[in-house]
Amino acid sequence: MRDAAPQTIYLADYTAFGFIIDSVSLQFDLDPHKTRVKSRIAFRPNPDATDSTFFLHGENLTLVSAAIDGAPVTPDLTDRGLTCSVPDAPFIWEAEVEIDPMGNTALEGLYMSNGMYCTQCEAEGFRKITYYPDRPDVMAVFTVRINGPHPVLLSNGNPVTTGEHHAEWHDPWPKPAYLFALVAGELVAHSDQFTTKSGRDVALNLYVRPGDEGKCAFGMQALKDSMKWDEEVYGREYDLDLFNIVAVDDFNMGAMENKGLNVFNSSAVLASPETSTDMNFERIEAIIAHEYFHNWTGNRITCRDWFQLCLKEGLTVFRDSQFTSDMRSAPVKRIGDVIELRARQFPEDQGPLAHPVRPESFQEINNFYTATVYEKGAEVIGMLKLLVGDAAYADALDLYFQRHDGQACTIEDWLRVFEDTTGRDLAQFKRWYAQAGTPHLSMTEDWDHGKLTLHFKQHTPPSTATPDPQPYLLPIAVGLIDQDGDEVEPTVVLEMTEAEQSFVFDNLGTRPIASVLRGFSAPVVLTQDLSDADRAHLLAHDTDPFNRWEQGRILARRSLMAMILGGKSPAKDWLKGIRAVISDEHLDPAYRALMLSLPSQSELARALAEEGHTPDPDIIYAAVEATRAAMAKSYANLLPTLYRRHSVREDYAPNALQSGKRALSNAALSLLTRIDDAAAAQKQYDTADNMTQQLAALANLIRAGKGSTALQAFQTQWKDDRLVMDKWFGLQVMEADPEEAHEVVTTLTKHADFNWKNPNRFRAVLGAFAAHHAGFHHASGAGYRLLADWLITLDPVNPQTTARMCSAFQTWKRYDDSRQALIMAELDRILAQPDLSRDTTEMLTRIRGA
């Protein structure tokens, strides 16, 4: 039957746990179906608590025994945990439970993946391991003994003893239960060492399944680079003798920062030139950095409650973005982050799933691991750094680590260190954490005899989460470019605090063009009254790399919108402007490749809806295809040169220089394929010696209708590599004709290698389908039915992955009445399932109630 009615939890209701834990000892006797977990926990009353109820979380546990100070007790049990009478003094709680790792298909708590025991405890998985106060503000020192017939037995911290069938681990740093980890199985280690700046040696291990040893070197180097960077930039040194990473095939997320024992989705750590693309390498580098950086921003200092999730995630995403910018190209990284923000977070902020960066309430915390918490949370950190300056930011972070090490903190604690460091009042800035919605910023200007006045207005559309939004503190980075293309006013950061505000630039010669929101200095929707000629001028001359790209993007969107709404041809001035940029050999090839990309079809649908139009996915698809064809024709004499010049001939390396060249050559190939009958793509496929080139060529062959032979050859070559086969599945969906996408997906889900219980494989097919705008939104509604069928199938097995996939429906109100009715019918069909999980129920109820 359906789970008990979801309970709404409110930030305002927070109270401290009634007890303090001095130590935790756990013993695991591993068995696939009958693992026994014995806990011995030293509790004492918390003098600061107002509620002394002794409640321990616990789900899907069989209680074998319980005792207090050695005397057996019989607690009151529910499906959410237990309560028990306890002494008003320090006491020892002991319990033994039995759990079923093999039967745990939700991949939360202790479960099995291809014969390996592993854990995922964030956010609330530890309660599926034993009875415990499973909340982030309860921090304790853990000692863990693991008994089992496995060559590798791992947990958090440092090893104490190891034997033939047992191992004991001790983590000296207090941590909440969500950071607990255990891994056991037949694994091999790729080992290395890192010497900290203080001269202490740290042993490093990357554990993988036998056969994956050749995919470890890049991940290990990324870990060492991350450790060095965090010492140099943030002054943070690693604090244990050992750092372990384990690659796991069945994992709901990318990776988990468990103290000293990071558990990674294998797709987020395993890499080789033959099996991984340049994008895979960059993603792996960033995720390894992210999880390592959590050691300080998440582990040593954690969040008081899950409403403060952005405290650790927003800050750590910002830190990993800084790292990638330093390791690769800062402008390219910034543009990529904004593309991702607009694609994932803006729709979230503008739809039924809108919530503040720090939510006020939730029913299922797993549903709030969102782009708002992560990506928008990182944007908030970036704005704060921009407002206070680099030096004050560094001082505030030093104070944060000094003041709050070992604590579970709040956003108020975080902002207070900046106020104490700078003397600024950040009360208005705090609205970025408290309000939902994307601000809309409009700008007009006046020119009067050498004086330019910029008039700004900000407005945030109301939402259910924030019905009456107040003005934000907006950092607006502005520069001025004159008619000769020279910068006459370098970047200055304007601080907008009112709903309407003006800023004046004096002593100017001729009227310049304002380059506004440089570096995307605030996550807003900007409306600036510029002519296409002025935007083309900025495209050619703006000294800010982001804004130069942004003008090309806006011109492309305008051209596409004119085609969609009026059947016009692609704008010649835009085509000419892009040609000039991609021909400039002084520019970074990766940056030029971005210039050749077009707004996504979903982005165009959102832009049409914002202007009051009803987007038609078929017309949008046709306009994008016509534009790509026009680009191929317009650049016909340039494309072969671009392709040859930037084809990398030296031995493969996943560095920024080579990756940028391959990005540009493959961007050129995607257009060249439209005019050379796929000849260059076929040759590249036949001669490729790395996955970046092989996969790009295969995509173009499929797009050109010439991919059947190559697809079969690719499957034969890589049928035994699970991560490469994810690419094979996903590529066929992404490149499918909209009229055939449903059939392609249906066929792939019947393939012998489609293991729908594996999150990576499920996302490779159904996730790619949800992202196929015209295919998923086919007028027949077949796409909606297909996804709904699979969500109904998956939910009893893996509620977390199911709930996250539900976001495919969040933009349903922007489409025509017929599509809306089709989507609503599928949402109602899923919601009518008698055994629907809390995770999925909450997501669909919010989406359906839009």
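Look up: the structure comes first, before these words.
What comes next concerns the included structure.

A tally of regular secondary structure across the protein gives 27 helices and 31 strands. Taken against the 2.2 N^0.38 rule, which gives 29 Å for 850 residues, the C-alpha radius of gyration of the protein at 27 Å falls within 12% of a compact globule. A principal-axis box enclosing the C-alpha atoms of the protein has dimensions of 85 × 65 × 60 Å. Expressed as a percentage of the 850 residues in the protein, the buried residues total 58%. For the protein, restricting intrachain contacts to residue pairs at least 6 apart in sequence, the fraction spanning at least 24 positions comes to 70%. With an accessible surface of roughly 32,100 Å², the protein has 50% of that area assigned to carbon and sulfur atoms. Counting 80 positive and 118 negative side-chain charges, the protein places the averaged centre of each group 4 Å from the other.

We now examine the side chain of Thr-840. Relative to the elements of secondary structure, Thr-840 occurs in helix α27 (residues 838-848). Residue Thr-840 is classed as buried on the basis of its relative accessible area, which comes to 1%. Apart from residues no more than four positions distant in its own chain, Thr-840 is found in contact with Asp-795, Pro-799, Thr-802, Ala-803, Cys-806 and Ile-830.

Sheet architecture is open: three strands sit in the order β4-β8-β7, paired in antiparallel fashion. Every other strand in the sheet has two partners, leaving β4 (55-57) and β7 (76-77) as the edge strands with one partner each. In this sheet, strand β8 (residues 81-83) lies alongside β4 in antiparallel orientation, the contact comprising three bridges. Bridged to His-57 within β8 is Gly-81.

Right, let's talk about the sheet that holds strand β12 (residues 140-147) for a bit. Strand order in the open sheet formed by eight strands is β6-β5-β9-β3-β2-β12-β15-β14, and the pairing between neighbours is mixed. Edge positions in the sheet fall to β6 (71-72) and β14 (158-162), since each of these pairs with one other strand and no more. Of the pairings in the sheet, the one linking strand β2 (residues 19-29) to strand β3 (residues 35-45) comprises ten bridges and is antiparallel in character. Each residue of the ladder has a partner; that of Val-24, found in β3, is Ile-41.

Two elements in contact, helix α3 (residues 309-327) and helix α5 (residues 371-388), have axes whose closest approach is 7 Å; the angle formed by their N-to-C orientations is 70°. Classified by the angle their axes make, α3 and α5 are roughly perpendicular. Where α3 approaches α5, its residues Leu-309, Cys-310, Glu-313, Gly-314, Leu-315, Val-317, Phe-318 and Gln-322 are matched on the opposing element by Val-373, Tyr-374, Gly-377, Ala-378, Ile-381, Gly-382 and Lys-385. In terms of residue class, the contact of α3 with α5 is built from nine nonpolar, four polar and two charged.

What follows covers the environment of Ser-659. Structurally, Ser-659 is set in helix α16 (residues 656-672). Among the residues examined, Ser-659 registers a relative accessible area of 12% and is labelled buried. Counting along the chain gives eleven residues from Ser-659 to Val-648, while the straight-line C-alpha distance between them is 9.0 Å. Excluding residues that lie within four positions of it along the chain, Ser-659 makes contacts with Asp-278, Arg-328 and Pro-654. In terms of polar contacts, Ser-659 uses its side chain to reach the backbone carbonyl oxygen of Asn-655, at 2.7 Å.

What follows is about helix α7 (residues 411-422). Side chains of residues three or four places apart in an α-helix project in the same direction, reflecting 3.6 residues per turn. Here α7 contains twelve residues, and its C-alpha end-to-end distance of 17 Å stays within 8% of the 16 Å for a straight helix at 1.5 Å per residue. If you follow the buried residues of α7, they end up packed against α3, α5, α6 (390-404), β24 (408-409) and α8 (431-434). The positive-phi residue at the C-terminal boundary of α7 is Gly-423, with phi of around 80°.

On to the environment of Phe-762, then. As for its position among the elements, Phe-762 is in helix α22 (residues 759-771). By relative accessible area, which is 0% here, Phe-762 ends up buried. In this structure, Phe-762 is in contact with Phe-754, Asn-755, Trp-756, Gly-767, Trp-790, Leu-794, Thr-801 and Met-805, ignoring residues within four places of it in sequence.

For the rest of this paragraph, the subject is helix α14 (residues 617-634). For α14, built from 18 residues, the straight-helix expectation of 26 Å at 1.5 Å per residue is met to within 8% by its first-to-last C-alpha distance of 26 Å. Those residues of α14 lying buried are Pro-617, Ile-620, Ala-623, Val-624, Thr-627, Ala-630, Met-631 and Ala-632. With a side-chain oxygen lying 2.9 Å from the backbone nitrogen of Asp-618, the N-terminal cap of α14 falls on Asp-616.

Before going further, it helps to examine the packing of α3 against helix α4 (residues 330-349). The N-to-C vectors of α3 and α4 enclose an angle of 140°; their axes lie 7 Å apart at closest approach. On the basis of their axis angle, the class for α3 and α4 is oblique. Together, Ser-321, Thr-324 and Ser-325 of α3 and Ala-330, Lys-333 and Asp-337 of α4 make up the contact between the two elements. A per-class count over the contact of α3 with α4 returns one nonpolar, three polar and two charged.

Note on soluble globular proteins: their nonpolar side chains tend to be buried together. Formed by 265 residues in total, the largest nonpolar core has its most connected members in Trp-93, Trp-414 and Phe-429. The element that contributes the greatest number of residues to this core is α5, accounting for nine residues.

Another aspect to go through is the state of the cysteines. The final tally for this structure, using the stated rule, is zero disulfides. Counting only cysteine sulfurs, Cys-118 is the nearest neighbor of Cys-216, a cysteine outside any disulfide, at a range of 17 Å. Cys-310 takes part in no disulfide bond, and the closest cysteine sulfur, belonging to Cys-303, lies 8.7 Å away.

The rules behind the values
- Residues numbered from 1 in each chain as written.
- Predicted model: local features only at pLDDT ≥ 70, side-chain atom pairs only at ≥ 80, totals over all residues.
- Heavy atoms only, no water.
- Helix = DSSP H or I, 4+ residues; strand = E, 2+ residues; numbered from the N terminus.
- Rg over C-alpha atoms; globule rule 2.2 N^0.38 Å.
- Buried < 20%, exposed > 50% of the residue type's maximum accessible area, 1.4 Å probe, protein only.
- Contact = heavy atoms within 4.5 Å.
- Areas by Shrake-Rupley, 256 points an atom, 1.4 Å probe, with all protein chains shown as cover.
- Lys, Arg positive; Asp, Glu negative; His and termini not counted.
- Charge placed at Lys NZ, Arg CZ, Asp CG, Glu CD.
- Pairing = 2+ DSSP bridges.
- Axes fitted to C-alpha atoms, helices over the stretch in contact; angles between N-to-C directions.
- Parallel < 35°, antiparallel > 145°, perpendicular 65-115°, else oblique.
- Nonpolar A, V, L, I, M, F, W, Y, C, P; charged D, E, K, R; others polar.
- Polar contact = N/O pair within 3.5 Å; in protein donor to acceptor, adjacent residues only side chain to side chain.
- Expected span 1.5 Å × (residues − 1).
- Core = buried A, V, L, I, M, F, W, Y, C linked by side-chain atoms within 4.5 Å.
- Disulfide = S-S within 2.5 Å.

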